[in-house]
Amino acid sequence: MDDEADDDELPSDPLPPDDRLWRHPSELAAAVGTTGSPLGRGPQEAPRDLGGLGRLLAVGVLAGLAGSLLTVGGLAATGTLGRDTTREVVVREGARNASSDTSVSANGTTDVVAIARDNADAIVRIEVSSGATTGSGVLFRSDGYLLTNHHVVSDGGAVVVVLADGSEEAAEVVGSDALTDIAVLKIGARASYVTTVLGSAVDLQVGEAAIAMGSPLGLRGSSSVSVGVISALGRRIQTDDGVLLDMIQTDAAINPGSSGGALLDSRGQVVGITTAVAVSDAGAEGLGFATPIDVARSVADEIIATGRARHAWLGVAGRDLASDQALEIGVSGAALVESVTAGGPGEAAGLQVGDVVVAVNGQAIRSMSGLAICMRDYEPGAEVDLEIRRDGRTRHLSATLADRPADGGG
């Protein structure tokens, strides 16, 4: 089990190729027609979790100037960089629910001016030579490590980071993870860099303030700032490489070139890495998506330590248990297993098609996506207790999670 599409909620009928929620700009450009509709097609049925907005395509925010092509390929680079162990490394982290908040003004409103000023030096522009594409990045360690998106650097071209003062530095791709669309870059011309404050998305609430900072459209000069709210949590975004899970949705404007930028809360702490924006046949819908910083930070730490991110894998696929079936067994939701990968951890544990997974190590599982997200809490090799329902009876199976295979299967 991992975070890929096969392990998440599956629609009752297969989606046609043009009904995916997420697209890269190269696909969008190829689809533009001359019939008056941006995609040359009429309206279609809206996706279930974004009802009322018409058919949405979450366009990869997309490292790229207008007309740039973006190819999402394999790992941009692997291997660790040698670090100067004598240099003090600073990672600024915010405290949750802090009593004092320097980013809230005297009347209790969010001080966007202060947040923009405090974070401006840590938001950078990324230029990739392979396709003349651009993106954004967030400096999170004083020794020059920064976060961005996998799709920004996946072409494998030479990468240049443009700092807030306009200076340029060659960057090395430390590692990149397509499953979470997170990559780590390293620059090092200076002894120390200004960093953002890393917060957490765990306590985010729908409706609270959100500020997006990035370098849209490759514009020269300082980063751009837009303001909105947290519109939704736990969104599931379909991609060609699989599914991005547990995404933060915001109406703060995110534009092409902002991929890899920062989504901040009202205290000026980074709570997400901006990743995608939604559009419909009628044009932009004003919906953007960000990877929770907790996921991005975890992936980045592992990439820095080992050169790649590892993902625990159970080796099953399925869908959400229907609500009436969940009611029958006394749970609010669960994951229904529809296939078990031969030779995988699930099969070794005794999982069968038709089993209903209701908990992992006592943690309730309310959907197939929830099962995939739960796997992020474990390392390959971890042993977990699976509570399942089979033939009306409760059973417990012990599974030893494996490393997700390179082909992403199962």
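Residues numbered from 1 in each chain as written. Predicted model: local features only at pLDDT ≥ 70, side-chain atom pairs only at ≥ 80, totals over all residues. Heavy atoms only, no water.

Phe140, Leu147, Val184, Val270, Ile273 and Ile293 are the most contacted members of the largest nonpolar core, which totals 24 residues. Broken down by secondary-structure element, the contributors of at least two residues to this core are strand E6 (145-148), strand E9 (182-186), strand E11 (209-214), strand E14 (262-264), strand E15 (270-280) and helix H4 (293-306). If you tally residues by element for this core, the top one is H4, at seven residues. Excluding its chain neighbours within four sequence positions, the residues that come into contact with valine 184 are Tyr145, Leu146, Leu147, Glu172, Val173, Val174, Gly175, Ala300, Ile303 and Ile304. Membership of the second largest hydrophobic core comes to 21 residues, among which are Val357, Ile365, Met368 and Leu397. (Core = buried A, V, L, I, M, F, W, Y, C linked by side-chain atoms within 4.5 Å. Buried < 20%, exposed > 50% of the residue type's maximum accessible area, 1.4 Å probe, protein only. Helix = DSSP H or I, 4+ residues; strand = E, 2+ residues; numbered from the N terminus. Contact = heavy atoms within 4.5 Å.)

What follows is about the confidence of the model for the protein chain. Atom-level detail of predicted coordinates should not be read off regions where pLDDT is low. Mean pLDDT over the protein chain stands at 76; residues scoring 70 or higher make up 68%. Contacts for the low-pLDDT stretch residues 3-57, under 50 throughout, to residues beyond four places or in other chains number 148 contacts. Confidence drops under pLDDT 50 across residues 61-87; counting only partners more than four residues distant or on other chains, this segment forms 87 contacts. (pLDDT = per-residue confidence, 0-100.)

A rise of 1.5 Å per residue sets the reference length of H4, with its 14 residues, at 20 Å; its end C-alpha atoms lie 20 Å apart and thus fit the reference within 8%. Within H4, burial applies to Ile293, Val295, Ala296, Arg297, Val299, Ala300, Glu302, Ile303 and Ile304. With its phi angle positive at about 95°, glycine 307 sits one or two positions after the end of H4. (Expected span 1.5 Å × (residues − 1).)

Moving on, we get to the sheet that holds strand E8 (residues 168-177). Within a sheet, adjacent strands bond to each other through the backbone by hydrogen bonds, running parallel or antiparallel. Around the barrel, which closes on itself, the six strands sit in the order E4-E5-E6-E9-E8-E7 with antiparallel pairing between neighbours. The average undirected angle you get between the axes of adjacent strands in this sheet is 40°. In terms of strand pairing, E6 meets E9 through four bridges, oriented antiparallel. Paired with threonine 148 across the strands is alanine 183, a residue of E9. (Pairing = 2+ DSSP bridges. Axes fitted to C-alpha atoms, helices over the stretch in contact; angles between N-to-C directions.)

Structurally, leucine 139 can be placed in strand E5 (residues 133-139). When neighbours within four sequence positions are excluded, leucine 139 is seen to be in contact with Asp121, Ala122, Val124, Gly144, Tyr145, Leu146, Leu163, Ile187, Tyr193, Val194, Thr195 and Thr196.

It is worth spelling out the pattern of salt bridges at this point. For side chains bearing opposite charge, pairing can occur when the charged atoms are close. Under the definition given, this model contains 12 salt bridges. Between aspartate 165 and arginine 190 there is a salt bridge, with its nearest N and O atoms 2.8 Å apart. Residue aspartate 165 is found in the loop between strand E7 (159-162) and E8, and its partner arginine 190 is found in the loop between E9 and strand E10 (197-198); the two are separated by 25 residues along the sequence. In this structure aspartate 165 comes out as exposed when scored by relative accessible area, which is 54%. Judged by its relative accessible area of 33%, arginine 190 falls in the partly exposed class. The residue aspartate 403 makes a salt bridge to arginine 310 at a minimum N-O spacing of 3.2 Å. Placement of aspartate 403 in strand E24 (residues 402-403) and of arginine 310 in the loop between H4 and strand E17 (312-313) is noted, with a sequence separation of 93 residues between them. Judged by its relative accessible area of 33%, arginine 310 falls in the partly exposed class. Where salt bridges share partners, they join Asp165, Glu169 and Arg190 into one cluster. (Salt bridge = Lys/Arg side-chain N within 4 Å of Asp/Glu carboxyl O.)

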